[in-house]
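Close look at the chain arrangement
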Amino acid sequence: KEEFGCKSLPDGFWSAVDVWIKKPHVVNKRLCGVKETDSKDADQDDLRLLLHDPELFTDVLLFMISGASPAHEPDKPWSSSVRTFIPKVNCYGTNLHKEIILKDFGRHRVTFIPFEEDAEGKVKGDITNSQLIYMLLYLNEHNTVDDLCFICRSLELCALSVDSWFSDGVAYPKLPWLSSDLLPKLVRWATECRSSEFRNTLSLLPVEKYSLMYQQLKDKYKAMVKVWPEVTDPEKFVYEDVAIATYLLVLWAEERAEKGLTARQSFVDLGCGNGLLVHILTNEGHPGRGIDVRRRKIWDMYGPQTLLEEKAITPSESFLFPGTDWLIGNHSDELTPWIPVIAARSSYSCRYFVLPCCFFDFCGKYQRRQCKKSQYKEYIDFIAEVSQVCGFNTDEDCLRIPSTKRVCLLGKSRNYQLSDEPEVEQQRAHYIHSRCTAPGVTVQRSDVSNDEDCCNGNGSCNGTPGSSWGAGFQPRDRVETVRNCAALPRDVVDGVVLRVANALLGMTVGDGEGSCHDWNQGGSLSVSEVAGLLGQETLRLLKKECGGLQTLLRNNHQVFRVEGGRVYIRDWRERKPFRADAKRKPVAPGALKTRLCWFHAQHPQGCPLQAENCAFAHGADDLRPSTRPLKKIKNDAF
């Protein structure tokens with residue numbers, strides 16, 4: 001058996017084929033997914049009944065077995081199933097486009113035979129269009145190649161009729177696309193080592209209902225992109241919240257159908273951020289509200305029907321929701337591990353949905369405990385463990401959103417009877433206590449939480465599980481602190497820049513470090529060596545900033561170049577961009593000459609560029625007012 005990478009063929013071939021059969025949307029972006037029937041064994045008689053036309057049956061049969069070894073065949077040589085295509089945008093009306101899939105495990109090949117059904121489930125016209133029949137097979141000593149095939153390494157794509165191939169670009173791709181795009185991907189899937197740590201996307205929902213709902217909501221709320229008042233990317237946030245709302249609406253519709261309910265589920269979104277998810281769910285008929293520690297500018301655009309509250313949430317008796325059906329945590333950060341707890345303690349019927357993002361434990365940052373998993377997988381497993389301890393039957397799913405953090409967890413039912421609630425509550429309290437008192441965990445008392453918060457002001461806090469269970473929790477501040485060195489005193493920044501620049505310029509040719517050019521480019525220092533030049537008070541200030549000293553140096557892009565952990569004087573005569581500057585946007589015309597040139601004022605030899613060639617002003621007379629719009633400080637974290 002020939003070995004390819006980490007998987008062996010033909011086993012890897014069948015793994016790759018299953019991806020194309022079950023998840024064609026990962027390569028064909030015009031599809032939302034497929035719906036596949038259960039497979040069953042089939043023989044030539046079954047194929048003859050499917051195709052109806054005797055001449056077509058003969059052609060297809062010869063096509064399917066051509067070039068194969070005449071070995072003994074089983075009575076039922078094929079495994080047969082049918083998949084229905086679900087396009088992202090419905091371009092077929094009420095008709096359904098389908099494919100019969102015939103897997104021949106003995107010959108290592110799979111054949112795709114398309115057909116079309118009307119709304120009543122009747123096949124339209126002939127069972128198939130022979131112009132669209134194609135086959136994928138694994139090449140070995142028993143399989144040969146003819147002139148109608150495309151080959152990529154050991155995989156082959158064959159079409160029954162190449163010259164008259166028909167394509168609509170959606171359910172039926174173009175033949176060049178199948179050969180140039182699909183075939184190489186099949187080879188990669190067949191040989192790659194990596195396997196997903198998570199479930200397939202939308203594994204808990206009917207994909208066809210999701211696709212229809214998503215298109216409806218996308219068309220309804222796409223105008224939000226044009227009026228988005230925040231500094232964040234409008235397309236990402238609008239379409240991500242549309243996709244999350246779609247998931248919840250379909251999930252809740254399925255829940256109502258399963259339980260025979262008519263009333264729409266109520267919800268509370270904890271840490272609702274921009275509030276768009278709350279706005280969509282409310283507009284679609286679900287009563288609910290959102291709570292966040294900071295108000296956003298966009299809240300004023302939604303209108304009074306969208307209920308949003310500016311309030312710090314501290315896990316305690318004050319933040320239980322006994323009349324609510326679902327609690328939502330959409331990138332809820334420090335609240336994420338608490339949401340299953342709050343749902344469990346709110347009522348026996350309360351359910352939850354969380355989409356974890358940043359890694360928080362009950363009382364601070366999450367501390368990694370395993371190295372065999374990715375940090376993200378380990379954190380998802382931690383939240384699932386919290387859910388299990390809280391008494392939920394926990395489901396995991398993967399959303400289709402423009403984010404790397406797409407795995408959600410749901411607690412839709414309990415794994416215990418209501419009469420066992422006291423015992424389960426003791427289990428919850430013990431688990432939370434053990435997490436907050438584990439070695440290496442620093443518990444900080446929240447500035448917001450107090451005894452009155454915990455006990456609704458009744459003065460009866462006595463250490464029982466229900467009274468002060470949020471005492472170690474630290475909510476985020478109402479005003480987010482800017483920690484990118486932009487708020488440091490100007491004299492501190494200028495002092496650091498001048499000291500580091502002088503140290504670099506002092507590394508002359510005589511020291512074996514400097515440049516031999518006429519204009520002194522100085523030498524280079526590691527970031528740690530630069531830190532050794534600074535006083536303790538300056539280092540203390542920098543330590544409070546995200547990125548610290550390196551962020552300050554990068555912010556002063558005019559003077560320094562930081563690359564590979566080393567600091568250099570920037571030479572603006574260099575035309576070739578360095579790796580660290582490759583993604584930096586070019587200077588906007590409105591920003592030219594709006595700041596003084598540091599080199600003109602501070603470098604012993606002045607600026608290496610003439611005034612007309614320098615983007616910065618050579619003296620006060622060269623300054624001009626900026627014509628760029630004022631830059632907004634990104635204080636809103638969603």
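My aim in this report is to walk through the structure given alongside it, one point at a time. These numbers were taken from a predicted model, which means no experiment stands behind them. (Residues numbered from 1 in each chain as written. Predicted model: local features only at pLDDT ≥ 70, side-chain atom pairs only at ≥ 80, totals over all residues. Heavy atoms only, no water.)

The number of helices and strands found in the protein chain is 18 helices and 22 strands. Buried positions account for 49% of the 638 residues belonging to the protein chain. Once local pairs closer than 6 in sequence are excluded, the contacts in the protein chain between residues at least 24 apart make up 65%. Entry remark: accessible area of the protein chain is about 32100 Å², with carbon and sulfur atoms responsible for 51%. (Helix = DSSP H or I, 4+ residues; strand = E, 2+ residues; numbered from the N terminus. Buried < 20%, exposed > 50% of the residue type's maximum accessible area, 1.4 Å probe, protein only. Contact = heavy atoms within 4.5 Å. Areas by Shrake-Rupley, 256 points an atom, 1.4 Å probe, with all protein chains shown as cover.)

Moving on, we get to the environment of Phe599. Looking at the element boundaries, Phe599 is found in helix α18 (residues 598-602). Leaving out residues up to four positions away in the same chain, Phe599 has contacts with Trp519, Gln558, Val559, Ile569, Arg570, Trp572, Gly606, Cys607 and Pro608.

On to the nonpolar core. Counting residues in hydrophobic clusters, the biggest one holds 43 residues, and the most contacted among them are Tyr247, Leu248, Leu281 and Phe353. Where this core is concerned, the elements lending two or more residues are α5 (207-221), α6 (224-227), α7 (234-259), α8 (276-283), α9 (299-302), β14 (326-330), β15 (351-355) and β19 (407-414). The dominant element in this core, judged by the number of residues it contributes, is α7, at twelve residues. Excluding residues that lie within four positions of it along the chain, Phe353 makes contacts with Ile244, Tyr247, Leu248, Trp326, Leu327, Ile328, Gly329, Leu399, Cys408, Leu409 and Leu410. Residues Val354, Phe362, Val407 and Tyr431 belong to the second largest nonpolar core, which totals 38 residues. (Core = buried A, V, L, I, M, F, W, Y, C linked by side-chain atoms within 4.5 Å.)

Turning our attention to the sheet that holds strand β22 (residues 566-569). Strand pairs in the sheet, formed through backbone hydrogen bonds, run parallel or antiparallel to each other. A sheet is described by the order of its strands in space; here three strands give the open sequence β20-β22-β21, paired in antiparallel fashion. The open sheet terminates on both sides in strands that have one partner only, identified here as β20 (524-526) and β21 (560-563). Geometrically, the sheet is characterised by an average inter-axis angle of 25 degrees between neighbouring strands, direction not taken into account. Sheet analysis places β21 next to β22, joined by four bridges and oriented antiparallel. From the neighbouring strand, Phe560 faces β22, where its bridge partner is Ile569. Relative to the sheet, helix α14 (residues 490-505) contacts β20, β21 and β22, its axis offset from that of β22 by approximately 80 degrees. (Pairing = 2+ DSSP bridges. Axes fitted to C-alpha atoms, helices over the stretch in contact; angles between N-to-C directions.)

The next point concerns the packing of aromatic side chains. Applying the stated criterion to the full structure yields 21 aromatic pairs. An angle of 15 degrees between the planes, with centres 4.7 Å apart, marks the rings of Phe112 and Tyr134 as stacked. One end of the pair, Phe112, is in strand β7 (residues 109-117); the other, Tyr134, is in strand β8 (residues 134-138), and 22 residues separate them in sequence. Phe112 sits in the buried class, given a relative accessible area of 0%. Judged by its relative accessible area of 2%, Tyr134 is buried. Geometrically, the ring pair formed by Tyr366 and Tyr379 is edge-to-face, given 5.3 Å between the ring centres and 75 degrees between the ring planes. Of this pair, Tyr366 sits in the loop between β17 (364-365) and α11 (375-389) while Tyr379 sits in helix α11, and the two are 13 residues apart along the sequence. Accessibility assignment for this pair places Tyr366 and Tyr379 in one class, buried. Ring pairing ties together the aromatic residues Trp338, Phe359, Phe362, Tyr366, Tyr379, Phe382 and Tyr431, which thus form one cluster. The residue whose ring lies beneath Lys218 is Tyr239, and the NZ or CZ to ring-centre distance is 5.3 Å. (Phe/Tyr/Trp six-rings, centres within 6.5 Å; stacked < 30°, edge-to-face > 60°. Lys NZ or Arg CZ within 6 Å of the ring centre and 35° of its normal.)

Turning our eyes to something else, we now look at the packing of α11 against helix α12 (residues 421-436). Where α11 meets α12, the closest approach of the two axes is 9 Å, and the angle between their N-to-C directions is 150 degrees. For the pair formed by α11 and α12, the contact residues are Phe382, Glu385, Val386, Gln388 and Val389 on the first element and Val424, Gln427, Arg428, Tyr431 and Arg435 on the second. A breakdown of the residues in the contact of α11 with α12 according to their chemical character gives five nonpolar, two polar and three charged. (Nonpolar A, V, L, I, M, F, W, Y, C, P; charged D, E, K, R; others polar.)

Attention now goes to the pairing of β8. For β8, the buried fraction is high: five of the five residues fall into the buried class. Here β8 shows a buried face lined by Tyr134, Leu136 and Tyr138 and a second buried face lined by Met135 and Leu137. Sheet topology note: the β7/β8 ladder contains four bridges and is antiparallel. Counted as the bridge partner of Arg109 is Leu137 from β8. Bridge analysis of β8 against strand β10 (residues 155-159) gives five bridges, and the strand direction is antiparallel. Bridge assignment links Tyr134 to a residue of β10, and that residue is Ala159.

Strand order in the open sheet made by the seven strands is β13-β12-β11-β14-β15-β19-β18, with mixed pairing throughout. Each edge of the sheet is formed by a strand with only one pairing partner; in this case those strands are β13 (307-310) and β18 (392-398). In this sheet, neighbouring strand axes are inclined to one another by 20 degrees on average, regardless of whether the strands run parallel or antiparallel. Both β18 and β19 contribute to a ladder of seven bridges, which runs antiparallel. The residue of β19 that forms the bridge with Glu396 is Leu409. Along the sheet face, α11 touches β15, β18 and β19 and points at about 155 degrees away from the line of β18.

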